[in-house]
Amino acid sequence: MSIFWSDVVHKLDPYVPGEQPKVAKLIKLNTNENPYGPSPKVLEAIRLGTGDQLRMYPDPNAYDLKRAIAEYHQINVNQIFLGNGSDEVLAHIFYTLFQHDTPLLFPDITYSFYPIYSQLYKIKYEEIALTDDFSVNINDYWQDNGGIIFPNPNAPTGKLLSIFEIETLLQFNTNSVVVIDEAYIDFGGKSAVTLINQYSNLLVTQTLSKSRSLAGMRLGYALGHIDLIEGLVRVKDSFNSYPIGSLAVAAGVASFEDHNYFEYTRNEVIVNRDIVSKQLGEIGFEVIPSAANFIFVRHTQRSAEELARGLNQLGIIVRHFAQDRISEYLRISIGRSEENQQLLTVLETLL
Ligand SMILES: Cc1ncc(COP(=O)(O)O)c(C=O)c1O
């Protein structure tokens, strides 16, 4: 604490990311990283990018990466906003598009960064309770608002809304921006990107951290109408005009080029998710059907906090949120098959 801090900084309650311990042999199922490494072609592109050229600033528009993303999603380059991880993209969205007199709406159980950005930028918000089975009910968002945001699939529940429900929401909510945070969409959902040409108030965010195994590179993007993108660029260029380094551009381009690797690894995660969900069900866990690379589970007899502690002592870390409504749940990222089997063995001994 310092007397030189501004009032806002005194009141901030910053986001606490899942731990990144430096212990070897730990099974790390707490931050929804991809258990498979990046494509070998991505690693080669990064190697080729390390040389004398690093003395120069990167392209402030990261045009090569935008072109690769545009081609993948079949959209125009000027419908893309790039950032240093989708967290940075989201921060700029909150600042650019959500500062209004009416409150921003998001679920009571969701990505915990949303209330923190709101606090940072002094944005009024209202949390809309998920239903008893942890679903987002779009009808609950039918009210005056300064914007709507939720992840699809939602985090930490892994529950998915259909593209039909998203479109229905866009049909009744035309006066504010709707942001669909698709950090996990590649593991089981249909992207709302197909709707951006029809709805000028829709922004879809995605990341290369999960399905493309590049969390360490920090790459994320928003897709939407050019006027929304222009606003985001104005804010970005007033903050940091070079958020994407040249190695990140090279890695991102190579990732979109290696489509086979992307398909193979995301399918492995999906197959393993379905296997581990079934196995956990057999040892007394309620498992919410997940469309993401993690599952949200509760044991019918044992406390989640106690299980998380027990797992941790035996070298497996999972995420437990000491938060209303979900304190009896664990969020478990899907690992490689052998890691998931180790998780099951350890859980069986703890139960
Ligand atoms: C729902 C959701 N959105 C966004 C992010 C941010 O991802 P990144 O900043 O790595 O792109 C995460 C990270 O876990 C997330 O769970």
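This write-up is about the structure you can find in this document. (Residues numbered from 1 in each chain as written. Predicted model: local features only at pLDDT ≥ 70, side-chain atom pairs only at ≥ 80, totals over all residues. Heavy atoms only, no water.)

### Things to note about the sheet that holds strand β3 (residues 104–107)
Logical step 1: Ordered by their spatial adjacency, seven strands build an open sheet running β2-β8-β7-β6-β5-β3-β4, and the pairing between neighbours is mixed. This sheet does not close on itself; its edge strands, each paired only once, are β2 (80–83) and β4 (125–128). Adjacent strand axes in the sheet meet at a mean angle of 20°, parallel and antiparallel pairs treated alike.
Logical step 2: Pairing between strand β6 (residues 178–181) and strand β7 (residues 202–207): four bridges, direction parallel. Across the sheet, the residue bridging to V178 is L202, located in β7.
Logical step 3: Helix α4 (residues 86–97) contacts β2, β3, β5 (147–151), β6, β7 and β8 (220–224) of the sheet and is inclined by roughly 160° relative to β7.
Logical step 4: Helix α5 (residues 113–120) contacts β3, β4, β5 and β6 of the sheet and is inclined by roughly 155° relative to β3. (Pairing = 2+ DSSP bridges. Helix = DSSP H or I, 4+ residues; strand = E, 2+ residues; numbered from the N terminus. Axes fitted to C-alpha atoms, helices over the stretch in contact; angles between N-to-C directions. Contact = heavy atoms within 4.5 Å.)

### Concerning the environment of G335
Logical step 1: Locating G335 in the fold gives a position in the loop between β13 (330–333) and α11 (337–350).
Logical step 2: When its relative accessible area of 2% is taken as the criterion, G335 is described as buried.
Logical step 3: In the structure, G335 is positioned 21 residues away from L314 in sequence and 16 Å away in space, judged by C-alpha atoms.
Logical step 4: Ignoring sequence-local partners within four residues, the contact set of G335 consists of L29, P35, N272 and N340. (Buried < 20%, exposed > 50% of the residue type's maximum accessible area, 1.4 Å probe, protein only.)

### Points about the pairing of β6
Logical step 1: Residues V178 and I180 point to one face of β6 and V179 and D181 to the other, with burial holding for every one of them.
Logical step 2: Where β5 meets β6, four bridges bridge the pair, whose relative direction is parallel. Residue I148 lies in a different strand from β6, and its bridge partner there is V178.
Logical step 3: Handedness of the crossover joining β5 and β6 through helix α6 (residues 163–172) is recorded here as right-handed. (Right-handed = clockwise from strand over helix to strand, strands pointing away.)

### Looking at the sheet that holds strand β9 (residues 285–287)
Logical step 1: A sheet is described by the order of its strands in space; here four strands give the open sequence β9-β10-β13-β12, paired in antiparallel fashion. In this open sheet, the two edge strands, each paired with only one partner strand, are β9 and β12 (319–320).
Logical step 2: One ladder, built from two bridges, connects β12 with β13; its direction is antiparallel. What sits directly across from R319, in β13, is R331.

### Observations concerning the pattern of salt bridges
Logical step 1: If you walk through the whole model with that rule in mind, you get 14 salt bridges.
Logical step 2: Ionic pairing is found between D274 and R273, a salt bridge with its closest N-O pair at 3.2 Å.
Logical step 3: Residue class for D274 comes out partly exposed when judged on its relative accessible area of 41%.
Logical step 4: Notably, a salt bridge pairs E282 with K278, separated by 3.3 Å at the nearest N-O pair. In this pair, E282 and K278 are both assigned in helix α9 (residues 259–282), four residues apart and thus about one turn of the helix distant.
Logical step 5: The exposure class of E282 is exposed, given its relative accessible area of 58%. (Salt bridge = Lys/Arg side-chain N within 4 Å of Asp/Glu carboxyl O.)

### What to know about the packing of aromatic side chains
Logical step 1: Here the structure, examined in full by the defined rule, presents 21 aromatic pairs.
Logical step 2: By way of ring pairs, the aromatic residues Y15, F94, F98, F106, Y111, F113, Y114, Y117 and Y125 are connected into one cluster.
Logical step 3: Sitting above the plane of the Y72 ring, R212 keeps its charged end 5.0 Å from the centroid.
Logical step 4: R212 extends its terminal NZ or CZ atom over the ring of F262, reaching a point 4.0 Å from the ring centre. (Phe/Tyr/Trp six-rings, centres within 6.5 Å; stacked < 30°, edge-to-face > 60°. Lys NZ or Arg CZ within 6 Å of the ring centre and 35° of its normal.)

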